[in-house]
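Given next are the chains, with one letter for each unit.
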Amino acid sequence: MEYYDYWDSPLGPMLLTASDTALTGAHFKGEKYFPAVAADWRFQPNAKHIVQARQQLTEYFGGKRKVFALKVEPAGTPFQRRVWRALQDIPFGATTNYGSLAARIGDANASRAVGAANGRNPISIVIPCHRVIGAAGDLTGYAGGLHRKAALLRLEAGDADAFQLTSPKSEK
C-alpha cells in the first residue's frame, strides 16, 4: 500500500509518500518530476513513515537535525539507486560535484548519467541531491528549483535567513 500526505515546508508544499516499510517520496509541489497521486494510493497523514519524515524534516528546517534516521525505499533503476545511496554519504553542510560522485560509485566517466539520476531522486532533502554542484562550484540543476537548492545549502551553512531570500522568479 502507498500512503501520501501534503506538508507545508518552509520552501513550499511537499508531497510525502510512504509504504508500510519506508519513506518512498518527498517532492516539492511543482518540481520537474512531481508524481501524480495514483488511484490506489491512500491519503494517510498518520502513516508511520510519513509522520517520522514530517518530524525529522521539521527538525532539519529548524536547524536541529543534520542526519536523517529514516528508512527510505526510492523506486528507480539499479544505477539510480546506487547514485542515491552515494548521495546519502555526503555530509550535512558539504558539497560534491557530479564527476566526484561518479568516481565515488566506481564510474568516473558517468558524470552525465549521475546528473540524470540525481535529478530523478524521488526523496528530496532526505537523500541530499541538493549537495551536488557543478565542477566549477556553480549551482546546477535541481528538480525542485534552484531557489530551493540555494536555500537548502544556505541552511546547511548556518544562514538563519536561508528561507527569506528564495524566489523562483530569479531562475532562468
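Located above this text is the structure these notes cover.
Fair warning: this is a prediction, and the values are worked out from it, not measured in the lab.

## Notes on the packing of helix 2 (residues 78–87) against helix 4 (residues 111–119)
Here helix 2 crosses helix 4 at 80 degrees, and the two axes come no closer than 9 Å. Put simply, helix 2 runs roughly perpendicular to helix 4. Taken together, the residues of helix 4 that come into contact with helix 2 (itself represented by Phe79, Gln80, Val83, Trp84 and Leu87) are Ala113, Val114, Ala117 and Asn118. Of the residues contributing to the contact of helix 2 with helix 4, the split by class is seven nonpolar, two polar and no charged.

## With respect to the sheet that holds strand 1 (residues 3–9)
Judged by pairing direction, the sheet is mixed, and its four strands sit side by side in the order 3-2-1-4 without closing on themselves. Because the sheet does not close on itself, it has two edges, and the strands there are strand 3 (23–28) and strand 4 (42–43). By the bridge criterion, five bridges tie strand 2 (residues 12–18) to strand 3 in an arrangement that is antiparallel. By the bridge assignment, Leu15 is partnered in strand 3 with His27. Across the sheet, helix 1 (residues 48–61) touches strand 1, strand 2 and strand 3, and the angle it forms with strand 1 is around 15 degrees.

Cut-offs used in this document
Residues numbered from 1 in each chain as written. Predicted model: local features only at pLDDT ≥ 70, side-chain atom pairs only at ≥ 80, totals over all residues. Heavy atoms only, no water. Axes fitted to C-alpha atoms, helices over the stretch in contact; angles between N-to-C directions. Helix = DSSP H or I, 4+ residues; strand = E, 2+ residues; numbered from the N terminus. Parallel < 35°, antiparallel > 145°, perpendicular 65-115°, else oblique. Contact = heavy atoms within 4.5 Å. Nonpolar A, V, L, I, M, F, W, Y, C, P; charged D, E, K, R; others polar. Pairing = 2+ DSSP bridges.

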